[in-house]
Amino acid sequence: MSKVKTHKVIGARSTRLAIIFFIFILLLSMQFDPYNQYQLANISTLLIAVLSITLLTGASGQISLGQGAIMAVGGYSSALLVTKLGLSMWIAFVLAIFVSALFGLFLGLAAARLSGPYLAGTTLVMALAIPSVAIRFESLFGGDIGFTVDYGYPPNWLTNLIGEISIEEWSLYVALPFAALSLFAVLNLSNTRSGRTWRAVRDNEVAAALAGINIARTKVIAFVCASALAGLAGAIYGFRGLVGPSVYSTDLSLLLLTAAVIGGLRSIGGAIFGTFVIVFLPDVIERITKALALPETISNYLPALLIGFLLLLTVIFNPRGSAGALEHIRHARHSHKH
Amino acid sequence: MDSFLTAFFSGTSQGAIYALVSLGLVLVWRGAGVVNFAQMGQAMFTTYIASQLIQNDYSYWSAFVIALVSGAILGAIVDLGLMRPLTSRKNSQLLNSQSMRTTIPVIASLGILGVLKAVAGILWAGEERGFPSPIAANALTIGDTTLAITGFDLFVIGVVFVTLVLTTIFFTRTGMGLAMRASALNPEVTRLSGIRVGSVRTLSWAISGTASSLAGLLVTPKTNLSPNTLDLLLIVGFTAAVVGGLNSLAGSVLGGFIVGYVIAFVNVYSAPENVFLAILVFLLLALFIRPQGILGSKEVRRV
Amino acid sequence: MLIISNLVTEFASIKALNDISFQAKPGCITTVIGANGAGKSTLLRTISGLERPTSGSIKWFDEELTHKSVESIVRSGIAQVPEGHAVISQLSVAENIELGGLFRKRIARGDLAIATKEVYELFPILFERRREPAGSLSGGERQMLAISRALVSRPKLLLLDEPSLGLAPLISAQIISTVNELCKSTGLTVLLVEQNANTALAVADHGILLALGKVIANLPAKELIADSSLRAAYLGY
Ligand SMILES: Nc1ncnc2c1ncn2[C@@H]1O[C@H](COP(=O)(O)OP(=O)(O)OP(=O)(O)O)[C@@H](O)[C@H]1O
Ligand SMILES: [Mg+2]
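The rules we used
Residues numbered from 1 in each chain as written. Chains lettered and ligands numbered in written order. Predicted model: local features only at pLDDT ≥ 70, side-chain atom pairs only at ≥ 80, totals over all residues. Heavy atoms only, no water. Donors = N, O, S within 2.8 Å, 3.2 Å for Na, K, Ca; no water. Helix = DSSP H or I, 4+ residues; strand = E, 2+ residues; numbered from the N terminus. Buried < 20%, exposed > 50% of the residue type's maximum accessible area, 1.4 Å probe, protein only. Pairing = 2+ DSSP bridges. Contact = heavy atoms within 4.5 Å. Axes fitted to C-alpha atoms, helices over the stretch in contact; angles between N-to-C directions. Arc of directions from axis to C-beta. Buried area = accessible area lost by both parts, 1.4 Å probe. Salt bridge = Lys/Arg side-chain N within 4 Å of Asp/Glu carboxyl O. Polar contact = N/O pair within 3.5 Å; in protein donor to acceptor, adjacent residues only side chain to side chain. Nonpolar A, V, L, I, M, F, W, Y, C, P; charged D, E, K, R; others polar.

Trainee: Just to check I follow, could you spell out the coordination of the magnesium ion (ligand 2) for this structure?
Mentor: The reference angle at a metal is 109.5 degrees if four donors form a tetrahedron and 90 or 180 degrees if six donors form an octahedron. Residue and element names in this part refer to chain C. Every protein donor of the magnesium ion (ligand 2) is accounted for by Ser41 (OG) and Glu83 (OE), and the metal-donor separations fall at 1.9 to 2.7 Å. With a gap of 42 residues between them, Ser41 in helix H1 (residues 40–47) and Glu83 in the loop between strand E6 (78–81) and helix H3 (93–101) connect regions that are remote in the sequence. On the basis of relative accessibility, which here comes to 17%, the residue Ser41 falls in the buried class.

Trainee: Explain the sheet that holds strand E2 (residues 15–24) of chain C here, please?
Mentor: Residues and elements named next belong to chain C. In space, the 4 strands of this open sheet follow the order E2-E1-E4-E5, with antiparallel pairing throughout. Where the open sheet ends on each side, the last strands, each with one partner, are E2 and strand E5 (63–64). Bridge count for strand E1 (residues 2–10) against strand E4 (residues 55–60) is 5 bridges, and the pairing is antiparallel. Of the residues in E4, the one forming a bridge with Leu2 is Trp60. On top of the sheet, H1 reaches E1, E2 and E4; it is set at about 115° to E1, its chief contact.

Trainee: How should I be thinking about helix H9 (residues 193–203) of chain A in this particular structure?
Mentor: Residues separated by three or four positions in an α-helix point in the same direction, a consequence of the helix having 3.6 residues per turn. Taken residue by residue, H9(A) has A:Gly195, A:Thr197, A:Trp198, A:Val201 and A:Arg202 as its buried positions. Taken around the axis of H9(A), the buried residues stretch over an arc of 160°, which confines them to a single face. As for H9(A), its buried residues are in contact with helix H2 (34–59), helix H8 (167–191), helix H10 (205–210) and helix H11 (215–238) of chain A together with helix H4 (98–124) of chain B.

Trainee: Could you clarify how one ought to interpret the interface of chain C and chain B in this entry?
Mentor: In this complex, chain C contributes 23 residues to the contact, which on the side of chain B involves 18 residues. Taking both sides of the interface into account, the surface hidden between chain C and chain B amounts to around 2,000 Å²; carbon and sulfur atoms contribute 61%. Between the two partners, chain C and chain B, sit 3 salt bridges. A salt bridge links C:Glu71 to B:Arg191; its shortest N-O distance comes to 3.6 Å. The tally of links from chain C across to chain B stands at 5 residue pairs in polar contact (both at pLDDT 80 or more). Breaking the side of chain C that touches chain B down by element, the ones donating at least two residues are helix H2 (70–75) and H3 of chain C. At 5 residues, H2(C) tops the list of elements feeding residues into the side of chain C that touches chain B. Of the residues contributing to the side of chain C that touches chain B, the split by class is 11 nonpolar, 5 polar and 7 charged.

Trainee: What exactly am I supposed to notice about the pairing of E6(C) here?
Mentor: Successive side chains on a regular strand alternate, one facing one side of the sheet and the next facing the other. Residues and elements named next belong to chain C. Along E6, one buried face is formed by Ile78 and Gln80 and the opposite face, lined by Ala79 and Val81, is buried too. Pairing analysis gives 4 bridges linking E6 to strand E7 (residues 157–161), with the strands arranged parallel. Considered in E7, the bridge of Ile78 is made with Leu157.

Written as structure tokens, this is what we have:
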């Protein structure tokens, strides 16, 4: 009885948080110029992918350096469904979730046998093999370049409702609901029994096994859930204009990991923060380099340098990420009062 | 027949380089429980140092030696400055989690990789540059027949062969080598034997740094040098290490040559763009059929 | 002389050693007995530096060991044979023995050869099987190897953690009597941990009974053997 009750409360809390996120981004977009609205769309899309890492690495303890590759699975499958079969974008997105979940199932079956660095290396190889696959099956995947897809035009009922909207706004309206839904799903998941099971496996496999948890199955399920999210993110990301190897690069995989790490691998709020950082950081850097009139040789590499340093500083000083730091401060204040 | 020989010789000389990379990875994995994703970033950096020295009119060989030494120093710095404090941190809630203990060093090594690449890019501009070889890369001839192997290939094979022999002697015949093997297998008993396991660990980072630095020097005459050129080498080396056995030094060398041949034959008989696919398939096959690697043993695989 | 005063070692929630004080005299065997979880291994591990004490001190004659690293404690002549036949099974028998004396290679190369010869004389079976991997040895042989690894470092204090664990009574008696002879002939100090009180106390000069991290009795070994009520209360036999 009491269990059911807590579930309901948790459900209410995650609904509330997801709605708050949704409204917050909408309000923010109204203050923004089209370029930054587009960046908000990117944030909403990439947040889904970062959440997949929060789920996979933060909650179940499996590290993936190739989330970009799973995004590619979602991107290519939805794009193919739309261009070859003429399905609607929305249906394609939903199907992309299933396709990448299936892919995640296979990958997870392999991954369940691997631990830590084996998994990291294998997923990295996978990410690097995407261009190879795209070229090998050029007739299907469009080779080196890929193929173009887009969000199309906003439907009439929407424009009738709120008037003409720009492409940038439309891309945000496509991505944001999915982001809010993913946020809702991940918030719920980490508070349920399976979330707790995952954490047990993450922290001590032997103890978890002794407690009767099926380790392999737990890991595979986590992989499937994370892949579903990453695939969805990949589908939305590709429909910004291009589905191709250059979109789902290794750099993207590492960037997503960076976002999850600097925000705090175990925190959903951290995932949101980290996503903001990686999306807006290049803009900030560009402004700085312009202001300081830095030569191009430096400004080209400055984002990579900063991101590398952010990763290092995080693991050295604050391995729980910014979310951990926040909690720390809150704790300090709390105990100060007493 | 001709293309077979071409593939065989290029497989041997490339495989020799992969063997070095994979040896470097396995050394650090066994010695410190970390797969160092920054390894080839370190090698890229030291190759740039050598390239800079050669541009400043140093001889090839002095640049060669300095690069190897800086490889060792860089490896030791990574351990002393980052990995050791990270893994020895006590009372960290995060590090009490089993999976995080392996995840955090991986993330740290990715951070180093990013920083090294960016710094190399800033210091030495982004564009590719060539890197000299001490021996011309012309096909060798005997009388009138042209062989499928170049002088440079022979040089690579020779250098790696000597390195591997020296490494083997070091590990099997010297006390330090014994200490390194022992601390990888059982740190507690090794410490109880009065051996400073921490220093031994730093030494494995340094040797690994030297091996990968050597790989960088040997591979760049063919691939040119840019901050990203050696990324592929890391992946190939990782595959080689997994194929051979991540906890077996001999296995890592064997794996290097096997992967070298696989790549060379795919290159010659199929198409170069299939190489990555081949690596991925090969890696997955290896993981499914024999996850501990050809020469690896199951019980000592770290979790 | 090993002097332990007010030693406390804590793990997350429990005090595995709770205010322990005793002394072990040179040239003697001091036996520590106690039930499972009494803190015997923790005591030895704290002395050799593998565990950090929360408070208290450990002194070897005038030398303060309390905050030294394992490596320097071993180098000052204190060798531990950990619980459970701790040898490195992938290394050969000879390599395991070599490992024990490795740190003395530069300072006493000549003596190292002698010490190695001596342990082979002590345990001839090890010499016969010196080229085989330690993993192929039987339990008793492995225990001999673990002791040999400790002995080649020419320790002044030997910490033995349940050498008879899992061995046939005959073999464990043989091992313990070997240690006893060594003690008498070389003046080695031994701190011997055992669960089976009889054989271990028989050779000992002094006996210490440990329960729940506390010293319950600290008596000449003969008196401890004789005190059947203590044994019944704390060891159950
Ligand atoms: N690393 C550790 N972490 C947490 N608790 C520990 C650790 N090592 C020992 N303990 C606890 O300390 C107590 C004493 O353990 P110790 O191993 O010293 O017992 P022991 O007397 O050697 O027992 P046995 O005869 O079974 O070997 C036990 O309650 C044990 O659970
Ligand atoms: Mg014990």
